[in-house]
Amino acid sequence: MEKFKDIIRQYPFLGFIIAFFILMAIPSIFFTDLYQSHLSSLIFINIIVAAGLNIVKGYCGQVTVGHVGLYAVGSYTAGCMFMYLGASLWITLPVAILVTGLFGVAFAIPSFRLEGPYLALATLGGGEAIRLFIENGEFFGSTYGISSISQPELFGITFDTPDKYYYISMPVMLIAIYFSFSVLRSSIGRAFMAVREDPISAAASGINVKKHKMLAFILSAMFAGAAGAVYAHLPPGYIHPNNYTVIEMVTFLAMVVFGGLGHIWGGIIGAVIITIVYDLTRPLYEYQLFIFGLTIVLTILFMPKGIGGFIDKYFIDRRFKKKQAVADK
Amino acid sequence: MKKIKIIFSSLVFTASLLMSTIAQAENIKIGVSFRMLSDVGYKHGMLIEDTVKMWNSQGGINGKKIDLTLYNDECKSEKGVANATKLAYQDKVHVIIGSSCSSVTLPMVPVITKAGVPQIIPHSTSSKITMTGSEYIFRVPVSSRFYKIVQGKFTAEQQGKKIAYIYVPDQASMVFAKEMMKYMKDEYGVDPVYQVQAGEKETDFRSFLMKAKAANPDVIVLSGLVDETVRMLVQSYEVGIPKSVHRVANSVASKVEVPTNAGKAAVGVVYSAAFAASDTRPIAKKFVKMVKSKYGVTPGHDFSQMQDLLDMLKPALEQVNFTGNLAADRNAVRDSIANIKNFTGLASGPISFCAAGSPECRDGNKTPVMIKYTRGGKNWKTAVAGTVTFKPSDGL
Amino acid sequence: MLLKTKKLMKAFGGLKAINKVDFELPKNEIRGIIGPNGSGKSTFFNLVSGVYDPDPGSYIEFDGHDITEEPPHKVGELGLARTFQLLRLYQDMSVINNVMSGYHTLVPYRFIDAVVGRKKIWDQEKVIKEEMMDLLSFVGLADYAEMNASELSGGQRRLLVLARAIAGKPKLLMLDEPAAGLSPVNVDNLMKILMRLKEKYGLTLIIIEHILKVVMDTCSKVTVLDHGEKIAEGTPSQIKDDNAVIEAYLGKKMDDEEMRKALAV
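No experiment lies behind these values; they were computed from the predicted model shown. (Residues numbered from 1 in each chain as written. Chains lettered and ligands numbered in written order. Predicted model: local features only at pLDDT ≥ 70, side-chain atom pairs only at ≥ 80, totals over all residues.)

(A) Molecular detail of the overall build of chain C. When you go through chain C residue by residue, the secondary structure sums to 11 helices and 10 strands. In terms of overall size, chain C behaves like a compact globule, its C-alpha atoms giving a radius of gyration of 20 Å where 265 residues would be expected to give roughly 18 Å. In chain C, which comprises 265 residues, the share counted as buried stands at 42%. Taking contacts inside chain C between residues at least 6 apart in sequence as the whole, the part at least 24 apart equals 65%. (Helix = DSSP H or I, 4+ residues; strand = E, 2+ residues; numbered from the N terminus. Rg over C-alpha atoms; globule rule 2.2 N^0.38 Å. Buried ≥ 20, exposed ≤ 12 C-beta atoms within 10 Å, placed from the backbone. Contact = placed C-beta atoms within 7 Å.)

See the structure below:
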């Protein structure tokens, strides 16, 4: 077992290949109906957004409340490219990632001068502006939304049902997580954290604060763009500005906070749990928002580092005890 | 140990996702996806729940009990699509009722069509929905394609052709204004004297109203959701648009909040709807009384359409011979609903469906009614200004 | 000369925090900077390290580069490290990550390699980590590597700050009150470690310190600032006898005995 762990640690890529095959097998073993595939796709999309948000919010410490706007940019880039050019996901996905990355630059600029709540307000304005721009733009289908966006095709298979689309959203999610892990575990991730903890001190260590803030915003925007494009093509392929409001933003934030801000697994754990809990509480629609508000408040009060911090502490404690046991002997 | 428990319980959550619901083959299942956010939204949900409870206590349908699954979609397409998928594949319902917002119903159509579940729409009016050509979709309310004609004709012939439009970006509001503009252009060759799209959740429309006033119109069309409609009406008097200018609102004006909150400003507003609370038929009087005593509001056409839908659905379900084969049963339910001819309930006109999946067949109510507020405030009153019954293909 | 300033000036409104300071520091020297509160010591550090922009007419040169207008991270990249009076530790990061982020400028791999996650990154990360663990054990913090920096004691924090500054292998290390708030035993310990680090890494040091004993014992030369001006410069023993210095500190002349007491030598 130890040996296996070592191998994974050395070749993180292997871990993802194993995860890929496990996730490939899950639908045929466990899933009993199409809805579970649909929900899984939604979970994967949320994971991509939350993992990206964790980079900029959790790691780099930049309070952005406009991320849902970037998610909308990703969706509408894909949607418009389909509507006007008939492009499929294979083209819209990379383009959406690039375009959203460019929007990330715009979101990063206020972060050079603003901090904390002021930055939150500026990005909130940015995110809402994007949504209102879409809503009032005939070009974007305004409140009609963009409908019947096509599903991708590969090797003669059209991924037009939830169970098939699972095999699109899942690999995209894995690749996104892989990138986020690689970046965050490298010196860049450390630099992000240093910028979050103390920009002046980070600069004294030779870390270019502006560059890293910019990088964090662009990277996380790209994640949001990818998620947006995958969502746009999710059957039945319909996007509407109503799905990109502040409420969605709060949900994404809740995922990251609940999962653990600045924890490498933070956004992922949060996205999985919150999406599933949301689904299980669907029949309790009267209390749903109450339950959510309560979860966030309780998390911040009693688990400020979220589930990720909890797990971390468990492992560190265990390691410490092990060490102590060895020392005692 | 405690920590392990917590980690473990989160795993159980995950596992419960994977568990399938235990199928109860004997019962008839109805799924609802609905905007249950506002006060009135909840009351629509309660109306369904109470009605189904009543059916069950009266012995169900042909001895079968009815399971009702109610989900909220918050007027968001993402939630609506998830609800439809869940109802169709996980809850395995026989028929879906929903939704309120056109932008949610529209993407639900391909989902339920693929799954083969019949869906009846209680509220959405956007003409695009039935134009998708799905065989599984049925609409109880009046389609926006009829509203535009009746409103256009009434306005052009009785009120005037110099029209200013102010509308908000909500889909139904926008469709109403745009389709009316197009109708006026096509039929009478007149362009709007002024038109503007206000911002979402706008609260101050006075600058738009001033400009509209400057254009000196005969008629001013104020198309918005409930709150916006109320504000626009009140503010139109504030900026001094005279009473002689006719004010026209979309079918949202049938909601109780409009006359209650707009007060005097609601007087004279003309709108088209599918039901008038001032309807003098005994069945309508009884219904208004029932809703008033049970839910504490005077029903607009949202309530009546929901009631009509349920009243139509029950006999249709009684016609179906449930075999236990889900796909066959769903198709049987669809065919049974498609067989409904000339249902006369609370609605302004008879509701008929037919077999083909076309707008001609599936836009059930073809008789919008023109209603005028004669008194505003809490004890508001309406009068019927006229009704028109359209041919199924009109307005396409 | 490793560091050179010419006519260094900085005014905050009407107050001249630093006024025409010429400063030269050769390699391998330990320089002390002393002065009463508000004399401009920390401002001098902030100007040199790029946190503040100096007023026009100033000139700062480090290791042959003109760094007058450079932002702090550029200065850091050139090999000028500093610590802060308020420590500015990365509280919510582990001790090892604190030190490793000090190594940032020396990380050998490129951004794109990190994104793709090539294997050589992890090998290099391993090497960096080992090297930093060595540094941590040198300052005596190896056992705390995985702990959060916020869990350390005051003395350990000062050591960690030192280790973080040295992690980037600087040519010049500027210490802003490294021993403030430490007990005499800890001060001795810190100074011992500092001297060993200087020898090991061949550092040049500038130390601001209020505890004059530290300055007098360790520094080969001392610069005295008062009201933003350089009033004296020389070996510790020269400074001890400098009238201007004594006046700045005590406001009057006094005899040898009194002064020895005042400076606690």
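Now that the structure is up, let's keep going.
(B) Structural context of the overall build of chain A. Check the secondary structure of chain A and you find 14 helices and two strands. Here chain A has a C-alpha radius of gyration of 20 Å; the compact-globule value for 329 residues is 20 Å, and the two agree. Burial status across chain A gives 54% buried among its 329 residues. Considering only residue pairs separated by 6 or more positions, chain A has 78% of its internal contacts joining residues 24 or more positions apart.

(C) A look at the pairing of strand E1 (residues 3–12) of chain C. Residues and elements named next belong to chain C. With seven bridges joining them, E1 and strand E2 (residues 15–25) adopt antiparallel strand pairing. Counted as the bridge partner of Leu8 is Val21 from E2. In textbook terms, the turn of a hairpin is the stretch between consecutive antiparallel strands, and for E1 and E2 this stretch comprises two residues, one of which, Gly13, has a positive phi near 65°. One ladder, built from four bridges, connects E1 with strand E4 (residues 59–62); its direction is antiparallel. Across the sheet, the residue bridging to Lys4 is Glu61, located in E4. (Pairing = 2+ DSSP bridges.)

(D) Focus on the environment of C:Lys27. Residues and elements named next belong to chain C. Mapped onto the fold, Lys27 is located in the loop between E2 and strand E3 (30–34). Considering only alpha carbons, one finds Lys27 and Ser220, 193 residues apart in sequence, at a separation of 12 Å. When residues no more than four places from it in sequence are discounted, the contact partners of Lys27 are Leu2 and Thr204.

(E) Region of the structure containing the interface of chain B and chain A. Taken together, the contacts link 36 residues of chain B with 35 residues of chain A. Every element with two or more residues in the side of chain B that touches chain A is listed here: helix H1 (2–18), strand E2 (66–72), helix H3 (77–90), helix H4 (102–115) and helix H6 (171–188) of chain B. At eight residues, H3(B) tops the list of elements feeding residues into the side of chain B that touches chain A. Residue composition of the side of chain B that touches chain A, grouped by class: 16 nonpolar, 13 polar and seven charged. (Nonpolar A, V, L, I, M, F, W, Y, C, P; charged D, E, K, R; others polar.)

(F) A look at the interface of chain C and chain A. At the interface, 33 residues of chain C touch 27 residues of chain A. Those elements giving two or more residues to the side of chain C that touches chain A turn out to be helix H2 (72–77), strand E6 (80–82), helix H3 (95–102), helix H4 (111–116) and helix H5 (119–139) of chain C. Class assignment of the residues belonging to the side of chain C that touches chain A gives a composition of 14 nonpolar, 11 polar and eight charged.

(G) Spatial organisation of the sheet that holds E1(C). Residues and elements named next belong to chain C. Spatial strand order, E2-E1-E4-E5: four strands in an open sheet with antiparallel pairing. With one partner strand each, in any of the chains shown, E2 and strand E5 (65–66) form the two edges of the open sheet. Here two bridges tie E4 to E5, and the two strands are oriented antiparallel to one another. Note on E5: the bridge partner recorded for Glu61 is Asp66. Its contacts with the sheet place helix H1 (residues 41–48) against E1, E2 and E4, and it is angled at close to 65° to E2. (Axes fitted to C-alpha atoms, helices over the stretch in contact; angles between N-to-C directions.)

(H) Molecular detail of the domain arrangement of chain C. Residue and element names in this part refer to chain C. Taken domain by domain, chain C holds domain 1 (1–79 + 169–265) and domain 2 (90–168). For domain 1 versus domain 2, the separation of C-alpha centres amounts to 28 Å. In this assembly, 14 residues from domain 1 lie in contact with 11 residues from domain 2. Listing elements by their share of the side of domain 1 that touches domain 2, those giving two or more residues are H2 and helix H7 (184–201). Residue composition of the side of domain 1 that touches domain 2, by class: nine nonpolar, three polar and two charged. (Domains from an automatic or database assignment.)

(I) Layout of the arrangement of the chains. Contact analysis covers two pairs of chains in contact, and the most contacts occur between chains A and B. Contact between chain B and chain C is absent, and the minimum C-alpha spacing across the pair is 20 Å.

(J) Highlighting the sheet that holds strand E8 (residues 204–208) of chain C. All names here are of chain C. One open sheet accounts for six strands, arranged E6-E7-E8-E3-E9-E10; its pairing is mixed. The open sheet has two edge strands with one neighbour each: E6 and strand E10 (229–234). Each neighbouring strand pair of the sheet contributes to a mean axis angle of 20°, computed without reference to strand direction. When strand E9 (residues 221–226) meets E10, the two strands line up antiparallel, connected through five bridges. Paired with Thr223 across the bridge in E10 is Glu233. Each of E3, E6, strand E7 (172–176), E8 and E9 is contacted by H1, which is oriented at about 145° to E7, the strand it contacts most.

(K) Fine view of the nonpolar core. With 285 residues, the main nonpolar core has A:Ile48, A:Ala226 and C:Ala163 as its most contacted residues. Top element by residues in this core is helix H3 (residues 34–59) of chain A. It accounts for 16 residues. Apart from residues lying up to four places away in sequence, A:Ile48 is in contact with A:Val172, A:Met173, A:Ala176, A:Phe223, A:Ala226 and A:Ala227. (Core = buried A, V, L, I, M, F, W, Y, C linked by C-beta atoms within 7 Å.)

(L) Region of the structure containing the environment of B:Ile163. Residue and element names in this part refer to chain B. Within the secondary structure, Ile163 is located in strand E6 (residues 163–167). Classification of Ile163 as buried rests on a count of 28 C-beta atoms within 10 Å. Placed 126 residues apart in sequence, Ile163 and Leu37 show a C-alpha to C-alpha distance of 34 Å. Ile163 has contacts with Thr155, Met184, Pro192, Val193, Pro217, Asp218, Val219 and Val221, leaving out every residue within four places of it along the chain.

(M) Main features of the domain arrangement of chain A. Residue and element names in this part refer to chain A. Examined at the domain level, chain A breaks down into domain 1 (1–30) and domain 2 (37–328). On the domain 2 side, the residues contacting the six residues of domain 1 number eight residues. A per-class count over the side of domain 1 that touches domain 2 returns six nonpolar, no polar and no charged.

(N) Representation of the pairing of strand E1 (residues 28–34) of chain B within the structure. Residue and element names in this part refer to chain B. Taken across its seven residues, E1 has seven buried, putting it largely inside the fold. Burial of E1 is two-sided: the residues Ile28, Ile30, Val32 and Phe34 facing one way and the residues Lys29, Gly31 and Ser33 facing the other way are all buried. In the sheet, E1 pairs with E2 via seven bridges, with the strands oriented parallel. Bridge assignment links Gly31 to a residue of E2, and that residue is Thr69. Pairing of E1 with strand E3 (residues 95–97) involves three bridges; the strand directions are parallel. If you follow Gly31 over to E3, its bridge partner there is Ile96.

(O) Seen up close, unusual backbone geometry. A cis geometry characterises the amide bond from A:Pro235 onward to A:Pro236, with omega recorded as 10°. By the element assignment, A:Pro236 lies in the loop between helix H10 (209–233) and helix H11 (246–259). The phi angle at B:Cys75 is positive, at roughly 65°, despite the residue not being glycine. Along the chain, B:Cys75 falls in the loop between E2 and H3. Notably, C:Glu177 is not glycine yet its phi reads approximately 50°, a positive angle. Mapped onto the secondary structure, C:Glu177 falls in the loop between E7 and H7. Here C:Glu177 falls in the buried class, since 20 other C-beta atoms lie within 10 Å of it.

(P) Fine view of the environment of A:Thr281. Residue and element names in this part refer to chain A. Within the secondary structure, Thr281 sits in the loop between helix H12 (266–280) and helix H13 (288–302). For the pair Thr281 and Phe155, spaced 126 residues apart in sequence, the C-alpha to C-alpha distance is 39 Å. Setting aside residues no more than four positions away along its own chain, Thr281 makes contact with Gln288 and Ile291.

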